[in-house]
Amino acid sequence: YLSVAEALKHGGIGNNTDVNIHWVDSEELTEENIAERMKDMDGILIAPGFGQRGIEGKFAALKYAREHDMPCLGICGY
């Protein structure tokens, strides 16, 4: 995901904005801990994965973004 991280950083440079990336393993996200994990974030990028790994955490992140009016971008891997 290095190219995605670099694209985000370069987008920040072009907009005079700092981009701080916090990597979160979707396999560790749950409905119970997502509020604590996302409380200091300004947006969420959901990267592609392999099969069903981490899918529950990705859905929890989507729900959190929707319910907290947070910008969210999901990238498909296919």
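Model, not experiment: these values are computed from the prediction.

(A) Region of interest: the overall build of the protein. Looking only at helices and strands, one finds three helices and two strands in the protein. Relative to the 2.2 N^0.38 estimate, which gives 12 Å for 78 residues, the radius of gyration of the protein is 13 Å and therefore close to what a compact globule would have. Across its three principal directions, the C-alpha atoms of the protein cover 35 × 30 × 15 Å. Across the protein, contacts joining residues at least 24 apart in sequence account for 61% of those joining residues at least 6 apart. For the protein, the exposed area adds up to about 6,000 Å²; of that, 53% sits on carbon and sulfur atoms. A gap of 3 Å separates the mean positions of the 7 positive and 13 negative side-chain charges of the protein.

(B) Structural context of the pattern of salt bridges. Following the criterion strictly, the structure yields seven salt bridges and no others. As a salt-bridge pair, Arg 53 and Glu 27 come within 3.2 Å of each other at their nearest N and O atoms. On the criterion of sequence distance, the pair formed by Arg 53 in the loop between β1 (44-46) and α3 (55-67) and Glu 27 in the loop between α1 (2-14) and α2 (34-38) is long-range, its members being 26 residues apart. One salt bridge in this structure joins Glu 67 and Lys 63, with 4.0 Å as the shortest N-O distance. Taken together, the positions of Glu 67 and Lys 63, both in helix α3 and four residues apart, correspond to about one turn of that helix. Residue classification places Glu 67 among the partly exposed positions, given a relative accessible area of 48%.

About the cut-offs
- Residues numbered from 1 in each chain as written.
- Predicted model: local features only at pLDDT ≥ 70, side-chain atom pairs only at ≥ 80, totals over all residues.
- Heavy atoms only, no water.
- Helix = DSSP H or I, 4+ residues; strand = E, 2+ residues; numbered from the N terminus.
- Rg over C-alpha atoms; globule rule 2.2 N^0.38 Å.
- Contact = heavy atoms within 4.5 Å.
- Areas by Shrake-Rupley, 256 points an atom, 1.4 Å probe, with all protein chains shown as cover.
- Lys, Arg positive; Asp, Glu negative; His and termini not counted.
- Charge placed at Lys NZ, Arg CZ, Asp CG, Glu CD.
- Salt bridge = Lys/Arg side-chain N within 4 Å of Asp/Glu carboxyl O.
- Buried < 20%, exposed > 50% of the residue type's maximum accessible area, 1.4 Å probe, protein only.

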